[in-house]
Amino acid sequence: MEHPAVMPASVDPRETSHPQVVRVVAGEFTGGGDYSTWRTRGTTDWLLIHTVAGSGRVGGPTGDVITRAGDSILLRPHVRHDYATDPDAGSWSLAFAHFHPRAEWSPLLDWPQRADGVGVIHVPGDIRPRVLLGLRACARASAGSLPQSELFAVNALESALLWLDTQNPLRGAMDERLLRVVEHIGADLTAELGVSALARVATLSPSRLTHLFTERLGMPPQQYVERERLTRAAQLLASTDRAVAEIARDVGWNDPLYFSRRFSKLHGRSPTAYRAARAAR
(Lines give C-alpha, C1' and ligand atoms only; values in the text may rest on other atoms or scores of the structure.)
Protein backbone atom coordinates (compact mmCIF):
# COMPACT_ATOMS: atom_id res chain seq x y z
CA MET A 1 0.00 0.00 0.00
CA GLU A 2 3.03 2.22 -0.15
CA HIS A 3 3.40 4.24 -3.34
CA PRO A 4 6.06 6.84 -4.17
CA ALA A 5 4.86 10.39 -3.87
CA VAL A 6 6.42 13.80 -3.30
CA MET A 7 5.68 14.98 0.24
CA PRO A 8 5.93 18.49 1.69
CA ALA A 9 9.14 19.26 3.54
CA SER A 10 7.53 19.77 6.96
CA VAL A 11 5.83 16.48 7.68
CA ASP A 12 5.83 13.98 10.51
CA PRO A 13 8.96 11.85 9.97
CA ARG A 14 6.81 8.76 10.41
CA GLU A 15 4.60 9.81 7.48
CA THR A 16 4.12 7.06 4.90
CA SER A 17 3.98 8.12 1.26
CA HIS A 18 0.51 8.82 -0.10
CA PRO A 19 -0.90 6.83 -3.04
CA GLN A 20 -1.76 8.68 -6.22
CA VAL A 21 -5.33 7.51 -6.81
CA VAL A 22 -7.25 8.59 -9.89
CA ARG A 23 -10.06 6.09 -9.36
CA VAL A 24 -8.71 2.91 -7.75
CA VAL A 25 -5.34 1.45 -6.72
CA ALA A 26 -5.42 -2.08 -5.33
CA GLY A 27 -3.06 -4.88 -4.38
CA GLU A 28 -2.22 -7.71 -2.00
CA PHE A 29 0.83 -8.40 0.14
CA THR A 30 2.13 -9.84 3.40
CA GLY A 31 3.82 -7.60 5.96
CA GLY A 32 6.21 -8.89 8.60
CA GLY A 33 6.39 -7.92 12.22
CA ASP A 34 7.94 -4.54 11.37
CA TYR A 35 5.28 -3.47 8.86
CA SER A 36 3.40 -0.28 9.71
CA THR A 37 1.75 2.70 8.01
CA TRP A 38 1.15 6.18 9.40
CA ARG A 39 -0.62 9.01 7.58
CA THR A 40 -1.50 11.85 9.91
CA ARG A 41 -4.56 13.02 8.02
CA GLY A 42 -5.27 9.87 6.09
CA THR A 43 -5.81 10.27 2.37
CA THR A 44 -8.41 11.91 0.15
CA ASP A 45 -9.63 8.47 -0.98
CA TRP A 46 -11.35 5.62 0.85
CA LEU A 47 -9.27 2.62 1.94
CA LEU A 48 -10.55 -0.94 2.19
CA ILE A 49 -8.30 -3.49 3.95
CA HIS A 50 -9.31 -7.18 3.96
CA THR A 51 -7.29 -9.51 6.18
CA VAL A 52 -6.48 -12.80 4.44
CA ALA A 53 -4.28 -14.33 7.15
CA GLY A 54 -2.37 -13.31 10.23
CA SER A 55 -3.48 -10.25 12.13
CA GLY A 56 -3.21 -6.47 12.02
CA ARG A 57 -3.75 -3.55 14.36
CA VAL A 58 -5.72 -0.55 13.10
CA GLY A 59 -5.66 2.51 15.32
CA GLY A 60 -8.62 4.84 15.64
CA PRO A 61 -9.23 8.04 17.62
CA THR A 62 -11.07 6.08 20.32
CA GLY A 63 -9.02 2.88 20.38
CA ASP A 64 -7.40 0.10 18.37
CA VAL A 65 -9.10 -2.54 16.26
CA ILE A 66 -7.45 -5.96 15.90
CA THR A 67 -8.26 -7.42 12.49
CA ARG A 68 -7.98 -11.15 11.80
CA ALA A 69 -8.72 -13.42 8.85
CA GLY A 70 -12.13 -12.58 7.44
CA ASP A 71 -12.23 -9.03 8.86
CA SER A 72 -12.55 -6.06 6.53
CA ILE A 73 -11.69 -2.52 7.59
CA LEU A 74 -12.96 0.62 5.84
CA LEU A 75 -11.24 3.96 6.44
CA ARG A 76 -13.02 7.11 5.30
CA PRO A 77 -11.21 10.00 3.63
CA HIS A 78 -9.09 12.17 5.95
CA VAL A 79 -9.29 9.65 8.80
CA ARG A 80 -5.81 9.04 10.25
CA HIS A 81 -4.04 5.94 8.92
CA ASP A 82 -2.37 4.12 11.78
CA TYR A 83 -2.13 0.43 11.04
CA ALA A 84 0.50 -2.24 11.45
CA THR A 85 1.09 -5.96 11.86
CA ASP A 86 -0.27 -7.17 15.18
CA PRO A 87 2.82 -7.81 17.34
CA ASP A 88 1.22 -10.99 18.69
CA ALA A 89 0.79 -12.38 15.15
CA GLY A 90 4.14 -11.60 13.55
CA SER A 91 2.71 -11.29 10.02
CA TRP A 92 -0.28 -9.78 8.28
CA SER A 93 -1.52 -10.87 4.84
CA LEU A 94 -4.01 -8.45 3.36
CA ALA A 95 -5.72 -7.30 0.19
CA PHE A 96 -6.45 -3.60 -0.15
CA ALA A 97 -8.03 -0.98 -2.37
CA HIS A 98 -7.65 2.80 -2.28
CA PHE A 99 -10.60 4.20 -4.20
CA HIS A 100 -12.88 7.09 -5.01
CA PRO A 101 -16.39 5.58 -4.95
CA ARG A 102 -19.21 5.92 -7.40
CA ALA A 103 -22.06 8.06 -6.07
CA GLU A 104 -24.43 5.08 -6.00
CA TRP A 105 -22.08 3.18 -3.66
CA SER A 106 -23.10 5.31 -0.68
CA PRO A 107 -25.21 2.54 0.96
CA LEU A 108 -22.35 0.05 0.46
CA LEU A 109 -20.02 2.30 2.49
CA ASP A 110 -22.31 2.65 5.50
CA TRP A 111 -20.48 0.26 7.85
CA PRO A 112 -20.68 -0.29 11.61
CA GLN A 113 -18.09 1.90 13.35
CA ARG A 114 -15.91 0.20 15.95
CA ALA A 115 -13.74 3.33 16.35
CA ASP A 116 -14.35 6.82 14.95
CA GLY A 117 -14.00 6.65 11.20
CA VAL A 118 -13.03 2.97 11.22
CA GLY A 119 -15.68 0.66 9.78
CA VAL A 120 -15.53 -3.08 10.41
CA ILE A 121 -17.34 -6.03 8.82
CA HIS A 122 -16.54 -9.66 9.59
CA VAL A 123 -16.94 -12.10 6.70
CA PRO A 124 -17.73 -15.79 7.38
CA GLY A 125 -15.92 -18.60 5.62
CA ASP A 126 -18.18 -19.09 2.60
CA ILE A 127 -18.12 -15.38 1.68
CA ARG A 128 -14.38 -14.76 2.04
CA PRO A 129 -13.40 -16.29 -1.34
CA ARG A 130 -15.93 -14.03 -3.10
CA VAL A 131 -14.57 -10.89 -1.45
CA LEU A 132 -10.98 -11.88 -2.16
CA LEU A 133 -11.81 -12.80 -5.76
CA GLY A 134 -13.23 -9.32 -6.32
CA LEU A 135 -10.26 -7.57 -4.70
CA ARG A 136 -7.73 -9.65 -6.65
CA ALA A 137 -9.54 -8.95 -9.91
CA CYS A 138 -9.56 -5.27 -8.96
CA ALA A 139 -5.79 -5.35 -8.33
CA ARG A 140 -5.07 -7.03 -11.68
CA ALA A 141 -7.27 -4.61 -13.59
CA SER A 142 -6.00 -1.49 -11.80
CA ALA A 143 -2.47 -2.39 -12.96
CA GLY A 144 -3.61 -3.18 -16.50
CA SER A 145 -3.00 -1.22 -19.69
CA LEU A 146 -6.29 -1.80 -21.52
CA PRO A 147 -8.41 1.30 -22.15
CA GLN A 148 -11.13 -0.39 -20.06
CA SER A 149 -8.80 -1.38 -17.19
CA GLU A 150 -10.08 1.28 -14.82
CA LEU A 151 -13.71 0.27 -15.38
CA PHE A 152 -12.84 -3.41 -14.91
CA ALA A 153 -11.14 -2.50 -11.64
CA VAL A 154 -14.08 -0.43 -10.40
CA ASN A 155 -16.56 -3.16 -11.31
CA ALA A 156 -14.46 -5.82 -9.53
CA LEU A 157 -14.26 -3.63 -6.43
CA GLU A 158 -18.03 -3.12 -6.53
CA SER A 159 -18.45 -6.90 -6.55
CA ALA A 160 -16.30 -7.19 -3.40
CA LEU A 161 -18.28 -4.40 -1.71
CA LEU A 162 -21.57 -6.08 -2.60
CA TRP A 163 -20.42 -9.36 -1.03
CA LEU A 164 -19.31 -7.46 2.06
CA ASP A 165 -22.71 -5.78 2.16
CA THR A 166 -24.39 -9.17 2.50
CA GLN A 167 -22.71 -9.36 5.93
CA ASN A 168 -23.37 -5.78 7.04
CA PRO A 169 -25.19 -6.02 10.40
CA LEU A 170 -26.71 -2.58 9.87
CA ARG A 171 -28.90 -4.16 7.21
CA GLY A 172 -29.11 -7.64 8.70
CA ALA A 173 -26.31 -9.96 7.64
CA MET A 174 -27.38 -12.73 5.29
CA ASP A 175 -26.83 -16.22 6.70
CA GLU A 176 -24.08 -17.81 4.59
CA ARG A 177 -26.14 -21.03 4.38
CA LEU A 178 -28.94 -19.11 2.69
CA LEU A 179 -26.45 -17.48 0.33
CA ARG A 180 -25.31 -20.95 -0.70
CA VAL A 181 -28.90 -21.88 -1.48
CA VAL A 182 -29.58 -18.69 -3.46
CA GLU A 183 -26.40 -19.20 -5.50
CA HIS A 184 -27.26 -22.86 -6.07
CA ILE A 185 -30.70 -21.92 -7.40
CA GLY A 186 -29.31 -19.27 -9.73
CA ALA A 187 -26.60 -21.57 -11.08
CA ASP A 188 -29.00 -24.11 -12.63
CA LEU A 189 -32.76 -23.54 -12.72
CA THR A 190 -33.31 -26.97 -14.32
CA ALA A 191 -31.80 -28.80 -11.34
CA GLU A 192 -33.78 -30.56 -8.62
CA LEU A 193 -34.68 -27.58 -6.44
CA GLY A 194 -37.16 -29.08 -4.02
CA VAL A 195 -36.93 -28.16 -0.35
CA SER A 196 -35.14 -31.41 0.54
CA ALA A 197 -32.48 -30.86 -2.11
CA LEU A 198 -31.98 -27.24 -1.08
CA ALA A 199 -31.81 -28.25 2.58
CA ARG A 200 -28.88 -30.53 1.75
CA VAL A 201 -27.08 -27.59 0.12
CA ALA A 202 -27.64 -25.53 3.28
CA THR A 203 -26.87 -28.44 5.63
CA LEU A 204 -30.15 -27.73 7.41
CA SER A 205 -33.35 -29.66 7.92
CA PRO A 206 -36.09 -28.82 5.40
CA SER A 207 -38.23 -27.23 8.11
CA ARG A 208 -35.36 -25.12 9.44
CA LEU A 209 -34.39 -23.99 5.94
CA THR A 210 -37.99 -23.01 5.18
CA HIS A 211 -38.22 -21.01 8.40
CA LEU A 212 -34.91 -19.15 7.88
CA PHE A 213 -35.50 -18.58 4.17
CA THR A 214 -38.99 -17.17 4.71
CA GLU A 215 -37.81 -14.98 7.59
CA ARG A 216 -34.90 -13.49 5.65
CA LEU A 217 -36.18 -13.39 2.05
CA GLY A 218 -39.87 -12.92 2.70
CA MET A 219 -41.07 -16.09 0.96
CA PRO A 220 -40.57 -19.86 1.27
CA PRO A 221 -37.91 -21.55 -0.88
CA GLN A 222 -40.32 -23.03 -3.42
CA GLN A 223 -41.98 -19.69 -4.07
CA TYR A 224 -38.53 -18.14 -4.56
CA VAL A 225 -37.53 -20.91 -7.00
CA GLU A 226 -40.72 -20.39 -9.02
CA ARG A 227 -40.21 -16.63 -9.12
CA GLU A 228 -36.63 -17.03 -10.33
CA ARG A 229 -37.69 -19.50 -13.04
CA LEU A 230 -40.48 -17.26 -14.27
CA THR A 231 -38.29 -14.16 -14.20
CA ARG A 232 -35.68 -15.92 -16.32
CA ALA A 233 -38.42 -17.14 -18.67
CA ALA A 234 -39.63 -13.56 -19.14
CA GLN A 235 -36.10 -12.50 -20.08
CA LEU A 236 -35.84 -15.29 -22.65
CA LEU A 237 -39.25 -14.50 -24.11
CA ALA A 238 -38.30 -10.85 -24.54
CA SER A 239 -34.81 -11.42 -25.95
CA THR A 240 -35.19 -14.55 -28.12
CA ASP A 241 -37.63 -16.11 -30.58
CA ARG A 242 -37.36 -19.58 -29.07
CA ALA A 243 -40.51 -21.64 -28.64
CA VAL A 244 -42.42 -21.34 -25.38
CA ALA A 245 -42.09 -25.08 -24.67
CA GLU A 246 -38.32 -24.87 -25.14
CA ILE A 247 -38.05 -21.92 -22.76
CA ALA A 248 -40.20 -23.76 -20.24
CA ARG A 249 -37.74 -26.68 -20.26
CA ASP A 250 -34.78 -24.31 -19.95
CA VAL A 251 -36.11 -22.88 -16.70
CA GLY A 252 -37.08 -26.21 -15.16
CA TRP A 253 -40.62 -27.03 -16.37
CA ASN A 254 -41.30 -30.06 -18.56
CA ASP A 255 -45.02 -29.31 -18.79
CA PRO A 256 -45.48 -26.19 -20.99
CA LEU A 257 -49.18 -25.89 -20.10
CA TYR A 258 -48.45 -25.75 -16.37
CA PHE A 259 -45.61 -23.34 -17.08
CA SER A 260 -48.00 -21.07 -19.02
CA ARG A 261 -50.51 -21.07 -16.14
CA ARG A 262 -47.85 -20.15 -13.58
CA PHE A 263 -46.38 -17.51 -15.90
CA SER A 264 -49.80 -15.94 -16.46
CA LYS A 265 -50.45 -15.82 -12.72
CA LEU A 266 -47.18 -13.91 -12.06
CA HIS A 267 -47.02 -11.67 -15.13
CA GLY A 268 -50.72 -11.15 -15.80
CA ARG A 269 -50.64 -12.54 -19.35
CA SER A 270 -49.66 -15.70 -21.22
CA PRO A 271 -46.08 -16.19 -22.41
CA THR A 272 -47.13 -15.55 -26.01
CA ALA A 273 -49.00 -12.37 -25.10
CA TYR A 274 -46.08 -11.21 -22.95
CA ARG A 275 -43.69 -11.67 -25.88
CA ALA A 276 -45.99 -9.80 -28.25
CA ALA A 277 -46.38 -6.90 -25.81
CA ARG A 278 -42.62 -6.61 -25.36
CA ALA A 279 -42.04 -6.72 -29.12
CA ALA A 280 -44.55 -3.89 -29.64
CA ARG A 281 -42.62 -1.49 -27.41
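Above this note sits the structure.
All figures in this text were calculated on a predicted structure; none of them were measured in a lab.

Novice: When you look at the overall build of the protein in this model, what are you seeing that I'm missing?
Specialist: Along its length, the protein carries nine helices and nine strands. Counting only C-alpha atoms and orienting by the principal axes, one finds that the protein spans roughly 75 × 45 × 25 Å. With 281 residues in all, the protein has 44% of them scored as buried. As displayed, the protein offers around 14000 Å² of accessible surface, 52% of which is attributable to carbon and sulfur atoms. Side chains of the protein give 32 positive and 30 negative charges; the mean places of these two sets differ by 7 Å.

Novice: What's the story with the nonpolar core in this structure? I'm lost.
Specialist: Membership of the largest hydrophobic core comes to 46 residues, with the highest contact counts inside it found for Leu48, Phe99, Leu157 and Leu209. When residues of this core are assigned to their parent elements, the largest contribution, eight residues, is made by helix α2 (residues 149-165). When neighbours within four sequence positions are excluded, Leu209 is seen to be in contact with Leu178, Val181, Val195, Leu198, Ala199, Ala202, Leu204 and Pro221.

Novice: I keep staring at helix α1 (residues 128-142) and nothing clicks. Help me out?
Specialist: Within an α-helix, residues lying three or four positions from one another point in the same direction, as the helix has 3.6 residues per turn. In a regular helix each residue adds 1.5 Å, so 15 residues correspond to 21 Å; α1 covers 21 Å between its end C-alpha atoms and thus fits that length. Turning to α1, its buried residues number three or more, namely Val131, Leu132, Gly134, Leu135, Cys138, Ala139 and Ala141. Buried residues in α1 make contact with β1 (24-31), β3 (46-60), β7 (92-99) and α2.

Conventions and cut-offs
Residues numbered from 1 in each chain as written. Predicted model: local features only at pLDDT ≥ 70, side-chain atom pairs only at ≥ 80, totals over all residues. Heavy atoms only, no water. Helix = DSSP H or I, 4+ residues; strand = E, 2+ residues; numbered from the N terminus. Buried < 20%, exposed > 50% of the residue type's maximum accessible area, 1.4 Å probe, protein only. Areas by Shrake-Rupley, 256 points an atom, 1.4 Å probe, with all protein chains shown as cover. Lys, Arg positive; Asp, Glu negative; His and termini not counted. Charge placed at Lys NZ, Arg CZ, Asp CG, Glu CD. Core = buried A, V, L, I, M, F, W, Y, C linked by side-chain atoms within 4.5 Å. Contact = heavy atoms within 4.5 Å. Expected span 1.5 Å × (residues − 1).

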